[in-house]
Amino acid sequence: MQEHILSILIFFPALAAMLGFVVHKDGAKAYGITVAGIEFFLSLWLWHIYDPMVSGMQFMESAPLVSAFGINYLVGIDGISLFIIILATFFTLIGILSLTETRRVKDMIITLLFLEMTMVGVFAALDAIVFYVFWELSLVPMLYIIGAWGGPLRIYASVKFFLYTFTGSLIMLVGMLFMAYFYYQATGQWSFSILEWYRLILPANFQMWLFAAFFMGFAIKVPMFPFHTWLPYAHGQAPTIGSVILAAILLKMGTYAFVRFSLPLFPDAAVAFMFPIAILAIIMIIYAAMVAYAQEDIKQVVAYSSISHMGVIILGTFAMNVEGISGSVFLMIAHGVVSGALFLLVGVIYDRRHTKLMSEFGGLASVMPRYATIFGIMMMASVGLPLTINFVGEFLSLLGFYKQSHSYTLVAGTAIIVGAIYMLSAYKKAFFGPVTKEENKHLKDVNRTELLGLIPLVVIAIWLGVYPKPVLEPINNSVEAIVQLMHDKAQTPEAQKRIPNLATTGTMNSVSEAH
Amino acid sequence: MELYLYTALFSPLVGSLIAGLFGASRKTSFTGLLTSGLLLTSFISSVILLTYVMAGHTVHVEMMTWIATGDLYIPFGFVVDQVSVTMMMVVTTVSTVVHIYSIGYMSHDKGFNRFFSYLSAFVFSMMVLVMSDNFLGLFIGWEGVGLCSWLLIGFWYHKESATWAANEAFIMNRIADLAMLIGIFMIYWNLGSLQYDVVFAHISILPMPVITWIGIFLFIGAMGKSAQFPLHTWLADAMEGPTPVSALIHAATMVTAGVYLVVRANPIYSEIPDVGNAIAALGAFVAMFAATMALVNRDMKRIIAYSTLSQLGYMFVAAGLGAYWVALFHLMAHAFFKALLFLGAGNVMHAMHDELDPFKMGGLKTSMKWTWILMTLASVALAGIYPLAGFFSKDLILEVAFVEQHYILYSVLLITAGMTAFYSFRLVALIFHGDKRHLEHGIHPHEAYTFMLYAMAPLAILAVISGMVFKTPYYLMVTELLPAVQYHIHNHTTFWIMTIGTQLFVILAIAYAYKKYAKAVKVDKKVESGFFYQLLYNQYYIPKIYDEVFSKPYLQLSKLAWKEIDLKIVDAIVDGIANTIYRTGEKTHTMQNGNLSSMLRWMVIGLVVLLVLAVAFTAGYNAVNLQAM
Amino acid sequence: MELTLNHYLILSTILFCIGLIGVMRRKNLLMLFFATEILLNAVNVGMAAISHYRGDYTGQMFAFFIIAIAASEVAVGLGLLVVWYKRTGKIDLDQMTSMRG
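Cut-offs applied
- Residues numbered from 1 in each chain as written.
- Chains lettered and ligands numbered in written order.
- Predicted model: local features only at pLDDT ≥ 70, side-chain atom pairs only at ≥ 80, totals over all residues.
- Helix = DSSP H or I, 4+ residues; strand = E, 2+ residues; numbered from the N terminus.
- Rg over C-alpha atoms; globule rule 2.2 N^0.38 Å.
- Buried ≥ 20, exposed ≤ 12 C-beta atoms within 10 Å, placed from the backbone.
- Contact = placed C-beta atoms within 7 Å.
- Nonpolar A, V, L, I, M, F, W, Y, C, P; charged D, E, K, R; others polar.
- Expected span 1.5 Å × (residues − 1).
- Pairing = 2+ DSSP bridges.
- Axes fitted to C-alpha atoms, helices over the stretch in contact; angles between N-to-C directions.
- Left-handed = near helix turned anticlockwise from the far one by under 90°.

S.K.: An account of the overall build of chain A is requested, with residue identities and associated values reported.
M.R.: Within chain A, the secondary structure is distributed over 23 helices and two strands. Against the compact-globule benchmark of 24 Å for 515 residues, chain A has a radius of gyration of 22 Å, which places it among compact chains. Taken across its 515 residues, chain A has 62% of its residues classed as buried. Of the contacts made within chain A by residues no fewer than 6 positions apart, 79% connect residues no fewer than 24 positions apart.

S.K.: Give me the overall build of chain C: which residues, what numbers.
M.R.: A count of helical and extended segments in chain C gives three helices and zero strands. Compactness check: chain C gives a C-alpha radius of gyration of 17 Å against a globular reference of 13 Å for 101 residues, more than 25% above the reference. If you line up chain C on its principal axes, its C-alpha atoms span 50 × 25 × 25 Å. Expressed as a percentage of the 101 residues in chain C, the buried residues total 13%. The contacts of chain C with a sequence gap of at least 6 include a subset with a gap of at least 24, amounting to 46%.

S.K.: Quick one: what's the story with the interface of chain A and chain B, residue by residue and with numbers?
M.R.: Contacts between chain A and chain B engage 53 residues on the former and 46 residues on the latter. At the level of secondary structure, the elements contributing two or more residues to the side of chain A that touches chain B comprise helix 13 (274–294), helix 15 (322–353), helix 16 (364–367), helix 17 (369–383), helix 18 (389–404), helix 19 (406–412), helix 20 (415–431) and helix 22 (469–489) of chain A. Classifying every residue of the side of chain A that touches chain B gives 32 nonpolar, 16 polar and five charged.

S.K.: Before we move on, can you summarise the environment of A:K29 with the specific residues and values?
M.R.: Residues and elements named next belong to chain A. Tracing the backbone through its elements, the reader meets K29 in helix 2 (residues 28–49). Judged by local crowding, K29 falls into the partly exposed class, with 18 C-beta atoms found within 10 Å. Sequence-wise, K29 and Q189 are 160 residues apart; in three dimensions their C-alpha atoms are separated by 48 Å. Excluding residues that lie within four positions of it along the chain, K29 makes contacts with I96, L99, V105 and I109.

S.K.: So, the arrangement of the chains: which residues are in play, and what are the values?
M.R.: When the two pairs of chains in contact are compared, the highest contact count belongs to chains A and B. Separating chain A from chain C is a minimum C-alpha gap of 23 Å, and the two share no contact.

S.K.: Give a detailed account of helix 8 (residues 208–225) of chain B, specifying residues and quantitative values.
M.R.: All names here are of chain B. Compared with the 26 Å implied by 1.5 Å per residue over 18 residues, the 26 Å span of helix 8 between its first and last C-alpha is a close match. Residues of helix 8 that are buried include every one of I211, I214, G215, F217, L218, F219, I220, G221, A222, M223, G224 and K225, and no others. On its buried side, helix 8 packs onto helix 5 (135–153), helix 6 (160–191), helix 11 (257–264), helix 12 (266–271) and helix 13 (273–296). With its phi angle positive at about 55°, A227 sits one or two positions after the end of helix 8.

S.K.: If you had to explain the interface of chain C and chain B to someone new, which residues and values would you point to?
M.R.: Interfaces are often sized by the accessible area lost when the parts come together. Each partner contributes to the interface: chain C provides twelve residues, whereas chain B provides ten residues. Per-class residue counts for the side of chain C that touches chain B are six nonpolar, three polar and three charged.

S.K.: Quick rundown of the pairing of strand 1 (residues 58–66) of chain A? Include the residues and the values.
M.R.: All names here are of chain A. In this structure, strand 1 lies alongside strand 2 (residues 71–77), joined through six bridges in antiparallel fashion. Directly across from S62, in strand 2, lies its bridge partner L74. As consecutive antiparallel partners, strand 1 and strand 2 are separated by four residues, and within that stretch G70 has a phi angle of approximately 65°, a positive value.

S.K.: Can you explain the packing of helix 15 (residues 324–351) of chain B against helix 16 (residues 369–383) of chain B? Please cite residues and give values.
M.R.: Residues and elements named next belong to chain B. In the contact formed by helix 15 and helix 16, the axes pass within 9 Å of each other and the chain directions differ by 150°. Both helix 15 and helix 16 take part in a crossing whose hand is left-handed. Of the residues in helix 16, those touching helix 15 at F337, L340, L341, G344, N347 and V348 are T371, L374, M375, A378, S379, A381 and L382. Grouping the constituent residues of the contact of helix 15 with helix 16 by class yields nine nonpolar, four polar and no charged.

S.K.: An account of helix 22 of chain A is needed here, citing residue identities and associated values.
M.R.: In this model helix 22 of chain A runs 29 Å from its N-terminal to its C-terminal C-alpha over 21 residues, within 8% of the 30 Å that 1.5 Å per residue would give. Of the residues making up helix 22 of chain A, those classed as buried are A:V471, A:L472, A:P474, A:I475, A:N476, A:N477, A:S478, A:V479, A:I482, A:V483, A:M486 and A:K489. On its buried side, helix 22 of chain A packs onto helix 3 (79–97), helix 11 (240–265), helix 12 (267–272), helix 15 and helix 21 (448–466) of chain A together with strand 1 (59–69) of chain B.

Here it is, written out as structure tokens:
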């Protein structure tokens, strides 16, 4: 079983989704919880049997699909993908547990399980085509969730979401095909295996074009400024569960793909594009934070805050050193936990009041103290308070980029200021002050079902903030391998200078060895 | 000793968590007693650690790894040395007193349990701040106290002004924290470690500009927490919080964290005397600047807050001039008498039903005798009259400035000392002497609970003796770690002239305050409408300027970014592309009119176009290839 | 004067143009079929000529294929045409608009 664990993880939810059609609709939620629970425990078991000291891929499986063109079903995980997979299974479970939707629950459960398959698939895939297939497949359930259970503008939002991301990924597909063709030219064999591609050293000008093609697909998914406008609509219209999964997992596909594809495949291009991308990331951070500050709808605040935080992730990724990339991968997980929790929390109040406008709330802290406390903890995590999960990621990402540029980091660091501004003012509007609206005076505090989803998230947000080692260590080992690979592949002097060589450490850190 | 260290550190956390469990339940005195008891435990542990450190040892423990990636290694490490043990004593003493006092002060408040949870959490954060053995650990505490300060300023969250002040404090501190983070980044990338011992041992090998920048960035961080100009406005607004909070956080402990940072990082600042001078200059400026605002203010708590600000300025003068032990000494003495002053103000507020304007009080000394005595004592200590604490610590700073030959700083501080005495006794006179103006408002004041007064007693004792008794042992202990420089004016005549002169000057200022305010309060309309009075009364219009220059434009810019840029430009372009494609389809679908002959014609046209393209590309390709050959 | 490849290609081109014009102008379905046949045969001429010229029989083979396919196409097409005529009584192209998009 151990050698097929990844296949089981990928296809078990899909199989269960198929079987779900025959389940009676009253038992659908219980069925969903069972399946998602088993899946989650399988992923935990995966963590248990994962060897954190190994930096390369583990649990690899391979089966030929189209052998003439070197397309294989190739899956495997390393420290980078392991935790995002666990995050995906975890959030599916949390999402189903705290599901308050009453319309067509069975369809929702089946869709979610199908979505789970695609999510695990994306992060486990090591073959570009398999990756692409899962990447695109993940759009379908999301489209359905937004389109079928969403708000009044759901059709517009879902079509926009679909077409926008689809356009980007088509450009990415062209890049993949060209990459494979190039591999064929160089070696005389077709291969879509990412690991094979890693070995290829591309001429710098090819790298630029390919990097740009991949960038389109990833940047729209992240979403990076100026490709971000689908996100507020998708979040604004999606039901709570849709927003949670979208923010927690689906956005991470883009940043994960940067680490998996763009950096190791095109190190020279990545270095060449470092500063333009850093500028985009800084614009994302500050601009999205400002837009978040101007919002009237609390869900949009969280949505724009996601964009802002993704900017920090991008910045950490393009720091090109272990600190930065580890930090950005950690921040992916951190942001998944925190933004997922925030969307769940927004869902709680939406279920009660059927509005998300902050002007409709006010003084909720006295009516719903537990809710306010949990929201406050998550808000502080989002703001990046030390000893919460976000701080570790944000600190490392910014620390990493500081090595590349001081001034850029100083500007990007305003994230911690502007983040506090929009979050605190939103919290003040919704929770502080007197209770002005009559309907708010007798709102029920969070109930047991909701706590079931929220408490684990609070625990994780603090646990990994205080003790990030179990997660950070495997990430660190895998990131070190990637950075070393990038350094070895780098051709331009600029890239060789910017990407540290880990094989001979201690040039700069002679002091640190003293202790 | 490690056990005592952990006890001192974690007792407040335990108390906070347990009290937090009852946060939403009804008031139980149990939470107050428990947290106070645990604080006392922490205090006792600190005392034991103090005796250990006085014996010449230090304790250094590494609890566990926190962040380790790449070359970065940051543990949860704690150190109890001469500096941190001093801070621990200050923190645990004041916070124990404030906890016990708060049991009485908050006894009628709905959020009693919540209050103690926050307060103990603050103490924990503060202990982390002072005990950490690396810069990032310090940053944990740094942000932690910021969070607790936010929670406690906004404790009465139904009040708009309170929540506004809480957010202002948090955000302004964040601005400074960014600078501090940058400083930390610089240290890491230049030295590869954030541990104090490693950093301080190797700081001198760095090039001068790098050390200077590190010093500047760290100091900007300190400016935020210690509310130095221009990041000072939050401190006065923070008085919206409950008064025990003001005593503990915004007078005795948190705001002095900036001074602590500079003292702790003294090996860095010793390398860069120019930055030190700038710090001292800023400190002197703030000392005077804040004192002037305190002269005319009509809000009891704000007056004390400005006084705190002014005293922080003094501390920075000492720290900037390299007299680190003097700065730390004044920090300690100030914590005692300022906390006492605040708690006294809390008694007055209780008696006056939260009235803050001293002009509406008066003659309270009959009904609140003990509070009167305690507050007068604290004010005398603050004014620096022999033999109370302020004389030993504050006048020492004056001497430092004199000995270091910074005569401008010296004169500024001297004048400020006079102002300090004046506004302190203006307050005392207005509150406790003169007519009972409060009777017009139908208030009948009463003395605070006896146990609250008893709780204040230790602070009163410390405010009296800490200067005289502690100075020598403190000096001997702390100079093991800090540069041991004695500031003596060698010429005896000069020394006596200065000391007596200063004392006389201060006493004159006190006498003037009594004369002006102790009898009948005459409001001089002409002075009040004058430019200077208005300038001072409106805090130099700085809050207003900040509002107009930063807050409002930022909000407007944000709205612009959303409504104009995001919706009308970025999103409109995306929708525009989609709509163009859609409309092209709408327009061209007439081609598919179903008429076979017109379709055939389109087919032929397509064929011709393709042919032309094929020929053109072939020709072009050949041309390029021929050129290449 | 000897017949060269060019002559054949010119013939083929002329035939193709005639066929093309027929395809575009004719409204009678039967005439359209004729035009299509002319088009195909224009290509056949070109194929056969080039095949002969290069001494490679592939072209001629393709020409035979095309003849065969054209024949079957005409057979199917005429069959449909007859059915259409029986149904509507007309074989005018402009009347056939059931595939309007």
